[in-house]
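Reading the structure
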Amino acid sequence: MQGIKGILFDKDGTLVDFEATWFAIGDLMALKAADGDRSRADALMDAAGYDFAMGGFRADSVFAAGTNADIVTLWYPDADEAARAAMVKHFDEVTAEQGAAKAVALPGSRDALAHLHGAGFRLGVATNDSTIGAEKTLLTLGVAEMFDAAYGYDSVPNPKPAPDSIHAFSKLTGLKPSEIAMVGDNRHDLEMARAGGALAIAVLSGTGTRESLTPMADVVLESIADLPAFLAGGA
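Note that the structure is a prediction, hence the values are computed from the model and not measured. (Residues numbered from 1 in each chain as written. Predicted model: local features only at pLDDT ≥ 70, side-chain atom pairs only at ≥ 80, totals over all residues. Heavy atoms only, no water.)

**Quick notes on the pairing of strand β4 (residues 122-126)**
Test applied: Buried residues are those whose accessible area, probed at 1.4 Å on protein chains only, stays under 20% of the maximum for their type, while exposed residues exceed 50% and partly exposed ones sit between those limits. Runs of H or I in DSSP of at least four residues are treated as helices and runs of E of at least two as strands, each being numbered from the N terminus. Only strands joined by at least two bridges in the DSSP assignment are considered to pair. The crossover handedness rule: strands pointing away from the viewer, path from first strand over the helix to second strand clockwise, crossover right-handed.
With respect to burial, β4 is a largely interior element, four of its five residues being buried. Sheet topology note: the strand β1 (residues 6-9)/β4 ladder contains four bridges and is parallel. What sits directly across from L8, in β4, is G124. The parallel pair β4 and strand β5 (residues 149-151) is bridged by helix α7 (residues 131-141), and the resulting crossover is right-handed.

**Looking at the nonpolar core**
Stated precisely, the cut-off is as follows: The term nonpolar core refers to a set of buried residues drawn from Ala, Val, Leu, Ile, Met, Phe, Trp, Tyr and Cys, joined through side-chain atoms within 4.5 Å. For this analysis, residues touch if any pair of their heavy atoms sits within 4.5 Å.
Among the nonpolar cores identified, the biggest contains 31 residues, and F9, F147 and L227 are the most heavily contacted of them. Taken together, the elements giving at least two residues each to this core come down to β1, α6 (109-118), β4, α7, β6 (180-184), β7 (199-203), β8 (219-221) and α11 (227-233). The contact partners of L227, leaving out residues within four places of it in the chain, are I7, F9, L116, V183, I201 and L221. Among the nonpolar cores identified, the runner-up in size contains 22 residues, and A34, A48, F63 and V88 belong to it.

**Topic: the packing of aromatic side chains**
One pair of aromatic rings is described through two measures. These are the centre distance and the angle between the planes. For clarity, the cut-off: Any two rings among Phe, Tyr and Trp, with Trp reduced to its six-membered ring, count as a pair given centres within 6.5 Å; such a pair is stacked if its planes are under 30 degrees apart, edge-to-face if over 60, and tilted if neither.
Tallied over the full model, the rule gives nine aromatic pairs. Judged by centre distance (4.7 Å) and plane angle (45°), the rings of F23 and Y50 are tilted. Linking F23 in helix α1 (residues 18-33) with Y50 in strand β2 (residues 50-51), this pair joins segments that are 27 residues apart in sequence. According to the relative accessible area criterion, F23 is partly exposed, its value standing at 28%. Geometrically, the ring pair formed by F63 and W75 is edge-to-face, given 5.9 Å between the ring centres and 85° between the ring planes. One end of the pair, F63, is in helix α3 (residues 62-65); the other, W75, is in helix α4 (residues 68-75), with 12 residues separating them in the sequence. Classification of F63 as buried rests on a relative accessible area of 13%. By the ring-pair criterion, three or more aromatic residues cluster together here, those being F18, F23, Y50, F52, F57, F63, W75, Y76 and F91.

**Details of the side chain of S61**
Its location among the elements puts S61 in the loop between β3 (56-57) and α3. S61 sits in the buried class, given a relative accessible area of 12%. Residues in contact with S61, not counting those within four places in the same chain, are A48, G49 and G66.

**Description of the pattern of salt bridges**
We apply this condition: Salt bridge, as applied in this entry: a Lys or Arg side-chain nitrogen positioned within 4 Å of an Asp or Glu carboxyl oxygen.
Summed over all chains, the structure comprises 15 salt bridges. Notably, a salt bridge pairs E93 with K89, separated by 2.7 Å at the nearest N-O pair. One end of the pair, E93, and the other, K89, are both in helix α5 (residues 81-101), four residues apart, so they sit about a helical turn from each other. By relative accessible area, which is 51% here, K89 ends up exposed.

**Let's talk about the environment of D164**
Using the following cut-off: Whenever two N or O atoms come within 3.5 Å, that pair is a polar contact, provided that in protein one can donate a hydrogen and the other can accept it, and provided that, for residues adjacent in sequence, both atoms are side-chain atoms.
Mapped onto the elements, D164 comes out in helix α8 (residues 164-173). Given the relative accessible area of 15%, D164 is considered buried. C-alpha separation for the pair D164 and A195, spaced 31 residues apart in sequence, amounts to 9.3 Å. Excluding anything up to four places from it in sequence, D164 contacts V156, P157 and N158. For D164, the side chain forms a polar contact with the main-chain nitrogen of N158, separated by 3.1 Å.

**What about helix α9 (residues 187-196)?**
Inspection of α9 places H188, D189, L190, M192, A193 and G196 among the buried residues, and these make up the whole buried set. Contacts from the buried residues of α9 go to α3, β4, α8, β6, β7 and α10 (210-213). Once α9 ends, the next one or two residues include G197, with phi positive near 80°.

Written out as structure tokens, the structure reads:
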């Protein structure tokens, strides 16, 4: 699309296969929170957004759209502030290491990123995961050198759906928000785009559905594999 010069990507469900990467990690952490009680761990997983009947994560759930702090608040409601902060730090460490180590790239994502980078687009990541988790995942996927920046929930004053990452990327690159596209698979990605004055591009490669995303999106694509053609077609 004419005028777009920079692209911010959500991470999980947009660059990374959400289900393949995160179910086992989330389940292990839930089991720990439940002190080894399998049925209680299943209840925690359900509360955070895993639908056992469907066999997948629900769109816009805490798992799909929230931060580690949101999960800790949900799973450890009786913890005091110090204990909660320590648990968030632990969750950040576990998800950064395990999430990166187990990251599964979505089909066509590497080729799309290489094409966009080669065409001169400035690329960044805006995620509600930790910044170090995002950076390690980009390294695992072998695409880190294509990105100018990665913004986690802990690197901006306010995480998604606030537009802080768009403002930071705009300042870093010198691009206007209107020259930036935000690409993601959940409504909070699109809400951030709207709030920040960026183009809102939804993808159906994660937990969001066409029904949930269309009202907020400027365009809905199957995945970022379709992004180079879309941007070229609008030029």
